[in-house]
Structure formats: C-alpha cells, structure tokens
Amino acid sequence: MWGRCFSILAWFGIGTLGASPRLITAQCQQCHGVQTQMAGVRLTSSEEVLRNRERILAALTYTGKIKMPPSGALTAAEVKLVRDWIDAGAPWTPTAGPTATWWAFRKPERPALPPSTSGTRNEVDRFLAATLAAKQLTPATEADRATLIRRATYVLHGLPPAFEQVREFEADPHPDAYERLVDRLLESPRFGEKWGKHWLDLVRYGDTSGFEQDPYLLYAWRYRDYVIDSFNRDKPYDRFVKEQIAGDEIYPDDPESRQGAGYFTVGTNRDMLFKVEDVNRVEQLTDFVDTTASVFLGLTAGCARCHDHKFDPVPQRDYYRLQAIFAPAVKSRVFRHYDMARVYDLAENTRTFRLYEIGAQLMALMDPYRKAIRDERLRELGPAAVEAFATPDDKKTPEQKALFEMYAKKVEPSDEQIYARMSKDELERLHKVERRLVSTFKTYAPGPFSPGVNDAGREAPRTFLPGPGGQPGEEVRPGFPGALGGGEIPDPPLHAETTFRRKALAEWIASPAHPLTARVMVNRIWQFVFGRGIVSTPSDFGTRAAAPTHPELLEWLAMEFTARNWSVKEMVRLMMRSAAFRQSAKASRRAVESDPENQWLSHFTRRRLEAEEIRDAALKSAGVLSAKMGGRPVVPPLETEELYGMSQPLGNAWIVTEDPQEHVRRSIYMISRRNFRMPLLEAFDRPEGVLSCSRRDSSTTAPQSLSLLNGRFTMEQARRIASAAKGSTDPVAEVWKRVLARDPRESEAATAREFLSKQERTLGSAEPALAELARALLNINEFLYVD
Amino acid sequence: MLTKGAMEMEQTISRRSAILRAGKGFGSMALASMLEGAESRGRAKSVIYIFNHGGVSHVDTLDPKPVLARLSGETVPSSFAQGLKTSRIDFHKALMRGSPWKFSRLGRSGLEISELLPHVSRHADDLAVIRSCHGDAFDHAPAIFLRTTGSQFPGRPSLGSWLVYGLGSGNRNLPSFVVMSDGAMKSGAGAYGAGYLPAVHQGTVFRQGPSPVLNLSTPAGVSRDAQRSTLDLIGDLNRRHFASREEDSTLEARIQSYELAWRMQAEAPDAVDLSNETEATRKLYGIGEPVTDNFGRKCLLARRLVERGVRFVELFFGTNLGDDWDDAHNDLLGSHIKMTKKSDQPIGALLTDLKARGLLDSTLVVWDSEFGRTPLAEGKNGRDHHPYGFSMWMAGAGVRGGRALGATDEFGLRAVDQPKTIFDVHATMLRMLGIDHTKLTYRYQSRDQRLTDVHGQGEFTDWLVRG
C-alpha cells in the first residue's frame, strides 16, 4: 500500500505537497485509518502524522524494526519528499485564501496567564482585568448576597431561590459560603433541566415534526430526558458529542449512549408527504449537515449547498463530503431493554389483531341500526335526497352533490341514538365487547424505545456534487472540510454492518486537537453564564463571525475545558467563582457611555427571564411547581382562545393531560409542537423550534405585557398566592416573600396596604384584592429581570 | 405624558440590539437610514394581502383557456405532461376539463375574468393580473411557506415580518403586522412568523369579536378600575426599582410597554368596532348576510386598520377545518361557488371603499393563492393542486390596471411567457413600498439574509406602474 502511495505521489510530479494527504487517505488508511489502526497508528490528520513523525520516517527508511511499506523500500528521494511534507507541518489539504490563517481554525494554545491584580479571584478575572484596564473601566463592586443567590439560581436552575434559602445564604458565616452555594446548585437535578433546555434550543428539539399534519414524534422526549440526564451527570462533552453523532456506531451495545443519536430525529421533517421523497431526503440531509456544523463546530455550512462562497470556510465540495457522511443513516428505534422491547412488540402485535375482531363485532352490532336511522331520516327529506345518496359519488349531478354535502352529517345518527334502539340483550352484548376493548388498553403505555438512527448497511448511497441543469455532477467521498485539515473517511471493513462514517466524524469533532469543538462549547457555556459569548455569534466561528472580545481568555478556557476532561460543570464552576460573575449589575457612567453592551464585563449584565423561567418562577411562587422529572410531554389545558390557529382538530392536536399535577411541571416537560407554541412562552421569545437557535431574543412588546398581565395563567397563580397568603399574620409580607423572596421595605408595605384597601373596595373582598397584589408583583421588573 | 411612544422605543431597541447582535455596526446603520427614506419613495404605505388558503383554480377565475374547453375529455400531449407531478393525479392520464364558467371582456380595458368573480370584475380596470406565477411545491404547507416566506420549509421570516422590519410602525398603539385567518391553517403560524428576525416583527393575530388580540381584555372578575389600580401599582413599584437602575433603557421600555398595553386595550377594540360604520358601508361588504358576513367583516376591518397606519394586513381565506378552496379536489363546482360567494363581494367592496376614501392610492391590495388547480380533472368533479402555472392580481398604490402579465401555455399547465416566481412577486411588493429587495438584509448564520435570497431578478414594478 505504501509503495503504491508514494509511487503515485511521484507520478503526480511531487512538487505539490498537497497530493500527499489525499493519497495517504486513499491508500494507507486501510491499515491506519479511522476504522483500523494497525499497530495503533492512525493517519487521518496532520496532527496524527506529526505525532507519529519518528515512527513513520523510521519505517520508511527501513532503519527500525518496522519496515514500511511492506512491499519494498522507497527511494531516498521519495523519503525526502515525505520528510519535507511532514516537516512543513503535514498540511492535510493545501489551503489558501482567508480561511488558511483564521484564528478559530488553528489549534488553541495555552496563553500566558496575565498577572494577578487586586480584585481578581481566579484566572478568569486576570484575563478580564487586563482588558478592563486597557479600556479604563473599573469593575463593579461585589453584589449583595440576595442578588448573588438569585442570579446563581437562575443561571444554574432557571428558577428563583426560595425566601428561606436567601435568608440562610445571607446568614451563612462561612468564608466560602458562595462557593458552597454554587457547588450545591450544581448538584441539583434542576441544573440538567435548565442546561438541557439550552441544548434543546440548539438541536431544534420538538415533539412533533411540523407541516400540515404536524404529527407526533412519539418518543422524542426520551432524547429530551437523555439530554437532561447527561447534563446532570456531567457527562464529558466529548462523550456527549460522540453519543449524539454516532452513539449507534461507537457504543452499539450500550442503549443509554445510543439514545444520543435521537439528536437526528427530533427536528422538523415532512416524511408524511408522498411523491416528494427525493426532496424530503435532500432536506433531511441538509438539516443534518447544517445543524451538526453549527451546533458542534460553530460553522455555517448552509451557503455551500448551492455555491462556493468566498468568505465561507466550507466550500461546496466540503459541504457534500459532509453530506455523504449522513447519506447512509436511517431512522430507527433504540431498544432500551431488549427483552422488554420484545415483549412490548409481541403484545402490540397481538393487540392489533384482536382489535380488528373487536371493531368488526362493534360494527356488526351497530350498523343495522345506523342504516335504519339514516334511511328514515333520508325518507323524511324527500325522494331527491334519497336518490342523491343512492347515486355513486362520480355519477352525482351538481344538485345531488349539494344535497349530499348539505345532509351527509345530519342524517348520521350518534352512538346514543343507536343505543336507544337496541334491545337490552343487544346492549349487554355491546357492553361486553366494549369492556373487552377497554381491557385491551388497560396497561397501554409507551414502549421501551428511544428514537435513534443507524446506517442501512455497509454500502452507502453515493453522493454527488450538483451538476449543470440539476443533473448529478462529480461523485464525492465522505470527509472533513479542508480548512480544518481535511481528510477522507475510508471504506469500512468488509464485514462491517455500518459505514462508520458518523463514527469518524464524531471522533474527529470530539478530539482535543480539534480547533473548534472546545472553543465553541466553552464559548456557549460562557454565554449561558454571562449572557453573551466571548464570540457573540455562538454558532458562527467562521471568517465572518464577530471577533472574540477576549481571545486569550477563550484560548485558555478551551485548553482548560479539555484538560478538565470536558467537564461542563467544572467550567461553569470556574466561571461562576470569578469576581466578574459576582459583580453588581450596576453600570458605571463610563461603562454606559463607552460600553453599552457590556462586552468588557465591567459589571454583570442584567437580563430578562426567558419564557420558561417566567412560567416556572410563577408556578414556584404559587407553591405548586412540581419536581417530577422526565416522561412523555405534558399537554396543559389552554383556553380555546389561546389555541386559535392550530392546524389540526384540537381533539388530535391538543390532547390535554388528565392529571392536574402534571400541569404544574416545569416548562421543559410541556409539549413543544412545531406548529404551535404556548402563547405565554411564544410572547416571551421562545424560539420557533424549526432551526437551531443559539441565542434567544429578549424583546419588549405590548403583547408580552398583555399576556402576562391578563392571561389566565397569571391570574391562576395570583389566586393561588393570595389563597396561601390570606391566613398569614402579614399577608403583604407573605406575598412579597413568595414572589420576590424578600421582605417588603416599609414604604412598599405601606403602598401595598393602601393598594389592598382600595382594591378591596373596588372588588368587594380581601382575597381578590390580595390576588391583585400578587398579579402586580408577577408583572414587575424586579420579578422579570435578573440583576 | 410619554416623551416617546413605547412601540417606537421597542422598535428602536430591538433594531439596535439586532444590529449589535449581528455585529454589523455602521453598515447596517446605513441600511436603517436607507429604509427610513422608504416611505417617501414608496408608492404604497400599506399592504392588504389576501391569501387564498387551499388553492384557487386559475383556469376558472383569471386565466381563460378556450382550448381546454374545446378538448375537454382528452388527455394533453405527453410532451406537455412530462415532468409535472402532483399528489393525486397523473398528468399523462387525467383528462382535460374546460371551465364551467364563462369569461367575458370587462371594463374599458377588456380584461378577461370569469363570472365567478362578479364584484371584483367591476374593478377590472384597476386590476393587474399576473397569469404566469409558478412554484415548485405542490403540498399545502410547503406551498404556503413558499408564498409567504420564500422557502417551502418553515423557520424563515415571513413577508410581513420583513416588511415591518424594514418600514417600522405607522401606529404606536396597534401592531404593525396584523393577521386574520379562518382559524386552522395547514402551515400553522409559520406563515406569519418572524423566523430569525427579532420576534417583535411577527404577525399579531386578530380574532373575531370585541377582543381581537389574545389577552386584550382584563381577566374575568377584574373591573376596569381594579385593572387601572393594579397597573398603577406595577408602575409605582417599577419606578422605585428603576430609580437605582436608570442607565438601563430596557427597563424603561418595559415600564412603557404596560402603558402601551393599556392603550391597546382601549384602541384595539375601537379599531375593530364596526358599529360606527354606516349601514351602507356594512351592506356594501355584505355584513349581516350569512354567507358574506365573516369575510366581509375581515375586509372592512382591513380597511380600518390600514386607515390607522397598520403596515401589513394579511387575510388568510380558507381553512383546514372548514370551508376551503381545497374542497375542489372532488367538487370544483361546489367549492369554487361557495368560496367566491363568501369572498367576492367583500373584496369588491374593499376596493370600492378604499377608492372612495382615497386610500387605494397608498394601499397595495394583493390577491394570491397557494397554487392553482390542475386544468385536468381529478375524478369526475375535481381539480388537484397545481403550482406550475397560476394567477394572482394586484391593485392600488399606482398599479395600472386592466392588464395581464405573462401567460401559461394553451392548456394552462405551465407558466411560459414571463414566468414569475414568488421571489419576483416579493421583490415587486417591497419596491412598491420603496424598499430595494437586495438591500433589505439581516445577518443570520454569517450571511446577510434576504427575503428574496439570491433571486428576484424578475421583479416587475415598472410593468405594474408604467406598463
């Protein structure tokens, strides 16, 4: 193999170093590739070639124990060429243009730590202090403890702290009270619910698939639970990446890990539209490429689908190389427990057959009466109607058609009307069949499956560049973008059951040496903690991205992230322990003028609660928020007015969950239909859930205020608060504690008492007045913003 | 007293943060100022966009095809059928079916329109018909997305959102982009969503009745006085909170948004209160008549909203869970009679009324459809979906009417003369409002995204206004 490799290299004229990696890929990787690594040597990237420099050269010069290629030694000139290529950095693909030197595509390097100065608490602060000094900005003082615990609890849990927790934290005499608070919050399962939601935004999660029918993605929630669990267990991010992109190929025997590949199944699709399978397939692949590139790599690949873009790091050929990776993937079920899955399938199979029989029995009992009543009613309508109904559809005259349309529903009897005609004996028989029908479903529940993907087999459908006139152009092989070192994915071993293409991609992305993976994720973590990324375009690290505000800090964090075993919680802890995170949200005059967006972090950035946080915090204030985790999506009751515009009948599209205990669960467990967002959440910028969302809007609109002010949800929570507070010795203070987790100031209490007596006069009694007080507090900025 | 309208403030803030988020800096400030001039350059100040949900048959309304009638019952030559597909029929096997309705030459111009649209026909001299629309989506949801957002896949900003993003608000107490529908749309809300544009630009749904916007009325059991007291308390507590945070304009905007909400509670019911319209006007729109009442109210409401400065009023006519043009699958006659009886008089009235009030000069009225219907029969009585050639019309805002642009082939199958994509239509509508479609951009995924993507070269404003 090696011999062939280099002789072809020689045949190409050698001068082009760029030919080397392509030929190594094509020829040498069968033994030293992604799937097979003979002698533990893998040559799929510059990095791996460089790491193995000495072994490669020793083998090529036939000087060591191992002699390569096995077919015979190379000439001295050929060896020199390879040595030169390696010494030039083993450039995997000759790159040129703006992407070659782009900072984000170079391997991160650990920068020198800036000196520690007064006011810095950890390394994060040392980096920030340097830029603050340069901008002549002074960091804000530390926020008070009540502010800190509220801020930390929102960042980590998406919830406000309880009054008692604030009190306790304020009184905690330990010097490390704050650090222990952060540790405690990180250990709570509420963490996964908040951070899982960040991830679900990115992977465009939904419980239905969109378009006209908006059908249920029946098991999508298993992926949602997998994400929450992964964050709670602090699954190393590299592992999290691998499970989602190729859980089936890398961990075939571990159902927990395989659930990650549900990532591919929880987006929009239009599989139910027929005669457009070709378009559907292209769109599916486009979704896979675009979402994967933007979520894991912070790259916007979309433009390259149609053309090479001069600023784009992903030219068209690379786009289709990526697409080829996903071409063999098909949706499948992950059996979480094989035995249970088998039992479930067997039971389901039998049940279906039994239902055919039950259906037939019911129809046999009811149909004669149905027909009799229909005929009677038709006769009452006159001979024209009888004739119109008797005429086959395609023979009906327009008049008959109209008669039919007009009366078709009217002549149809209801079940009750049929029952009324049946004899006691017949009714008893009917009820017996009905009881059998019900018993068939007594233990009905979702099966032990999770959505996933796997490759259809070892052979993949071929992938072509778009050619002229919509015809397929040149065939492309699966591989990685040239600007990131390139590399092709070799064919799988002969007896493989999968192509291992996604495995290759997953391992390439999840490598500590990958220039983007750690940078992109650590920047997201920063954004979720501080409100804005160091790179403010979090899913775009390409050549048109926003420049990082603190490039060295980003490098340092990326290095730390991989060094700390890709632990998300460790990075969050590190960031939250900084003095920067503990600053007050009060902006200095200078900061307001020179840094209105607070990119230099001279104070903490105040933010509005996210949609789900508003709902969850209101439920918590009302004392009813459920701690139950996981399970199938909850459909809460909504007013008919709120459900306006649903594309399918409500009986199918909004099947309300019966148990009221379910209605007060956290928002992440509420159903997310692709065609319909809960109005309160929609008003507060919950994303549409169609495309990956890396940063939410935080708009301020009148419909928002109307929604929170007048909506049934707010009124319901306000009444709950009033009902809980009314028996208290100090109802005003009780409402304050529940909603704002603090005691009212004396002036506030006075205002509130005055308000209550006025409202009591207007509304007639004390409790509705108290509810009005609660409704007001659920609408004020102190409740809606995090300082 | 407010020094500045809260809605303007929101728009400003949201525009600013959008710009900052997109990291565009001065370039987009230039864009913003370019757009500020739009109003003076544009012929239209507002748009009323009537969208026919389910798909109207072009060969039965705006595109006369005598050949079709002559060859009724035969198949089309296979070269014409080649490459066409739709969900239910086979173009090689299905039989041609002439229109059961008569077309006549109307007005001074002699524009041909079918007898299905007698009221709209009276405005023939004001209508510019585009007979060469075409698209590539033959299923409902994709076709609705395509016509309303430029992509047959959901998630992109809708036409109305782009438009108000570009133009801003014309009335700070009402939303700039109002949607009225018959309820269930096969696309869901994506047809009027903001996609990746700031959420403030999404369409606000107006429903029937005195409380058109969701949660506009105070909660049951809370009197207006009680509501005012609660709002006053919110304002009071917010101002105390704000006193130590005065540098944060977002907090101020939210304080004002509650005052705006209060004013909307007053103004929106007034805007939708048709009782102070004259009996003659109500009659003109067919209000009070069972068949026309529903859509008549919507059309009259559209006029009232445009009068009040609303930029984009989108009327979706037809629904998944009730009367729909799509009932033409198995009943062309019944469906098209039913749908035109419900909508023709109200739309005719809208044109008459706008004209009488001098509003037609500044209002672009557009009548569009998901797609056309097959000139070939589906079963005995129906027509299937047909995106390869169909018709729409525009009127008002300086449009020179009584004319038709482009043509389908002799069977009404394909747009062959001056074919127009939805991008061409969108580009034209933007230009009618004074906006260059190539300059209305928003940075998303490192690209300056456009409503018309890289298309829109077939923009036809010059033809519309000059001929």
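Residues numbered from 1 in each chain as written. Chains lettered and ligands numbered in written order. Predicted model: local features only at pLDDT ≥ 70, side-chain atom pairs only at ≥ 80, totals over all residues.

1. Remarks on the overall build of chain A
The helix and strand tally for chain A stands at 36 helices and six strands. Considered along the principal axes of its C-alpha atoms, chain A spans approximately 105 × 80 × 50 Å. Per-residue burial for chain A yields a buried fraction of 48% across its 787 residues. When contacts within chain A are restricted to residue pairs at least 6 apart in sequence, those whose partners lie at least 24 apart make up 70%. (Helix = DSSP H or I, 4+ residues; strand = E, 2+ residues; numbered from the N terminus. Buried ≥ 20, exposed ≤ 12 C-beta atoms within 10 Å, placed from the backbone. Contact = placed C-beta atoms within 7 Å.)

2. Some remarks on the overall build of chain B
Assigned secondary structure in chain B consists of 15 helices and 16 strands. For chain B, whose C-alpha radius of gyration is 23 Å, the value lies close to the compact-globule estimate of 23 Å for 467 residues. The burial tally for chain B puts 61% of its 467 residues in the buried class. A separation of at least 24 residues holds for 76% of the contacts in chain B among residues at least 6 apart in sequence. (Rg over C-alpha atoms; globule rule 2.2 N^0.38 Å.)

3. So, the interface of chain B and chain A
At the interface, 71 residues of chain B touch 74 residues of chain A. Of all the elements in the fold, those that place two or more residues in the side of chain B that touches chain A are helix H1 (6-22), helix H7 (140-149), strand E6 (204-205), helix H9 (224-243), helix H10 (249-271) and helix H13 (332-356) of chain B. The dominant element in the side of chain B that touches chain A, judged by the number of residues it contributes, is H9(B), at 10 residues.

4. Side note on the domain arrangement of chain A
The domain architecture assigned to chain A consists of domain 1 (2-94), domain 2 (129-187 + 578-607), domain 3 (236-336 + 449-503), domain 4 (341-440) and domain 5 (608-786). Domain 2 of chain A and domain 4 of chain A are separated by 67 Å when their C-alpha centres are compared. (Domains from an automatic or database assignment.)

5. Things to note about the domain arrangement of chain B
Looking at chain B, the domain boundaries give domain 1 (6-209 + 272-466) and domain 2 (219-268). Computed over C-alpha atoms, the centres of domain 1 of chain B and domain 2 of chain B are 38 Å apart.

6. Here's the deal with unusual backbone geometry
All names here are of chain A. Its identity is not glycine, yet Trp-566 carries a phi of approximately 55°, on the positive side. Tracing the chain through its elements places Trp-566 in the loop between helix H23 (551-563) and helix H24 (568-576). Under the C-beta neighbour-count criterion, Trp-566 is labelled buried, with 23 such atoms within 10 Å. For Asp-685, which is not glycine, the phi torsion reads 75° and is therefore positive. Here Asp-685 shows up in the loop between helix H30 (679-683) and helix H31 (702-710). By C-beta crowding, Asp-685 is classed as buried, having 21 other C-beta atoms within 10 Å.

7. Some words on H13(B)
Residues and elements named next belong to chain B. Relative to the 36 Å expected for 25 residues at 1.5 Å per residue, H13 spans 35 Å between its end C-alpha atoms, a close match to the ideal helical length. For H13, the principal kink sits at Thr-340 and spans about 35°. Among the residues trailing H13, Gly-358 stands out with phi positive, at a value near 75°. (Expected span 1.5 Å × (residues − 1). Bend = angle between axes of the 7 residues up to and from the residue.)

8. Topic: the pairing of strand E2 (residues 449-455) of chain A
All names here are of chain A. The buried count for E2 comes to seven of seven residues, which makes it a mostly enclosed element. The alternating pattern of E2 places Phe-449, Pro-451, Val-453 and Asp-455 and Ser-450, Gly-452 and Asn-454 on opposite faces, both of which are buried. Sheet topology places strand E1 (residues 329-335) next to E2; seven bridges connect them, and they run antiparallel. Directly across from Ala-329, in E2, lies its bridge partner Asp-455. (Pairing = 2+ DSSP bridges.)

9. Details of the nonpolar core
Core analysis: the biggest nonpolar cluster contains 305 residues, and Ile525(A), Val529(A), Met575(A), Val735(A), Ala774(A), Leu777(A) and Val366(B) have the highest contact counts within it. Examining the composition of this core, we find that nine residues originate from one element, helix H22 (residues 517-530) of chain A, more than from any other. If we skip the residues at most four places from it in the chain, Ile525(A) touches Val568(A), Met571(A), Val572(A) and Met575(A). Judged by nonpolar contacts, the second largest core, of 12 residues, contains Ile56(A), Leu60(A), Met68(A) and Val82(A). (Core = buried A, V, L, I, M, F, W, Y, C linked by C-beta atoms within 7 Å.)

10. Re the sheet that holds strand E4 (residues 128-133) of chain B
Residues and elements named next belong to chain B. Strand order in the open sheet made by the eight strands is E6-E5-E7-E1-E8-E11-E4-E12, with mixed pairing throughout. Either end of the sheet is taken by a strand with one partner, and the two such strands are E6 and strand E12 (403-405). By the bridge criterion, six bridges tie strand E1 (residues 46-52) to strand E7 (residues 312-317) in an arrangement that is parallel. Directly across from Phe-51, in E7, lies its bridge partner Phe-316.

11. Concerning the confidence of the model for chain B
Residue and element names in this part refer to chain B. For chain B, the mean per-residue pLDDT works out to 90, and 91% of the residues sit at or above 70. Confidence drops under a pLDDT of 50 for residues 1-31, and excluding neighbours within four residues, the segment shows 48 contacts in the predicted structure. The ipTM for the predicted assembly is 0.87, set against a pTM of 0.86. (pLDDT = per-residue confidence, 0-100.)

12. So, the packing of helix H16 (residues 338-381) of chain A against helix H20 (residues 424-440) of chain A
If you want to describe how two helices pack, look at the angle between their axes and the distance between the axes. Residue and element names in this part refer to chain A. The contact between H16 and H20 brings their axes to 10 Å, and the two run at 160°. Here H20 runs roughly antiparallel to H16, going by the angle between their axes. The hand of the H16/H20 crossing is left-handed. Listed contacts from H20 to Arg-351, Arg-354, Leu-355, Ile-358, Gln-361, Leu-362 and Leu-365 of H16 are Glu-426, Arg-429, Leu-430, Val-433, Arg-436, Leu-437 and Thr-440. (Axes fitted to C-alpha atoms, helices over the stretch in contact; angles between N-to-C directions. Parallel < 35°, antiparallel > 145°, perpendicular 65-115°, else oblique. Left-handed = near helix turned anticlockwise from the far one by under 90°.)

13. So, the packing of helix H6 (residues 123-134) of chain A against H23(A)
Residue and element names in this part refer to chain A. Relative orientation of the contacting elements H6 and H23 amounts to 165°, with a least axis distance of 9 Å. When the axis of H6 is compared with that of H23, the two are roughly antiparallel. Here the hand of the crossing between H6 and H23 comes out right-handed. Of the residues in H23, those in contact with Glu-123, Val-124, Phe-127 and Leu-128 of H6 are Glu-552, Leu-553 and Trp-556.

14. A short note on the environment of Leu681(A)
Residue and element names in this part refer to chain A. Looking at where Leu-681 falls in the secondary structure, it is placed in helix H30. C-alpha separation for the pair Leu-681 and Glu-612, spaced 69 residues apart in sequence, amounts to 6.5 Å. In contact with Leu-681, not counting residues within four places along its chain, are Ala-611, Glu-612, Arg-615, Ser-667 and Arg-686.

15. A look at the environment of Phe783(A)
All names here are of chain A. Within the fold, Phe-783 resides in helix H36 (residues 781-784). For Phe-783, a count of 21 C-beta atoms within 10 Å gives the class buried. Once the C-alpha coordinates of Phe-783 and Ala-618 are considered, the two residues, 165 residues apart in sequence, prove to be 9.3 Å apart. With near-sequence residues (within four places) excluded, Phe-783 lies in contact with Val-739, Leu-740, Leu-777 and Leu-778.

16. Examining the pairing of strand E3 (residues 463-466) of chain A
Two strands pair when backbone bridges link them, and E3(A) and strand E4 (residues 472-476) of chain A are joined in this way by three bridges, in the antiparallel orientation. Bridge pairing links Pro466(A) to Pro472(A) in E4(A).

17. A few points about the confidence of the model for chain A
Residues and elements named next belong to chain A. Of all residues in chain A, 91% have pLDDT values of 70 or greater, and the mean over the chain is 90. With pLDDT under 50 throughout, residues 1-19 is counted as low confidence; its partners more than four residues away or in other chains account for 34 contacts. This model gives residues 94-98 a pLDDT under 50, and the stretch forms seven contacts once residues within four places in sequence are excluded.

18. A short note on the environment of Leu763(A)
Turning to its location among the elements, Leu763(A) is positioned in helix H34 (residues 746-763). Beyond its immediate chain neighbours, meaning those up to four positions away, Leu763(A) contacts Pro768(A), Ala769(A) and Ala226(B).

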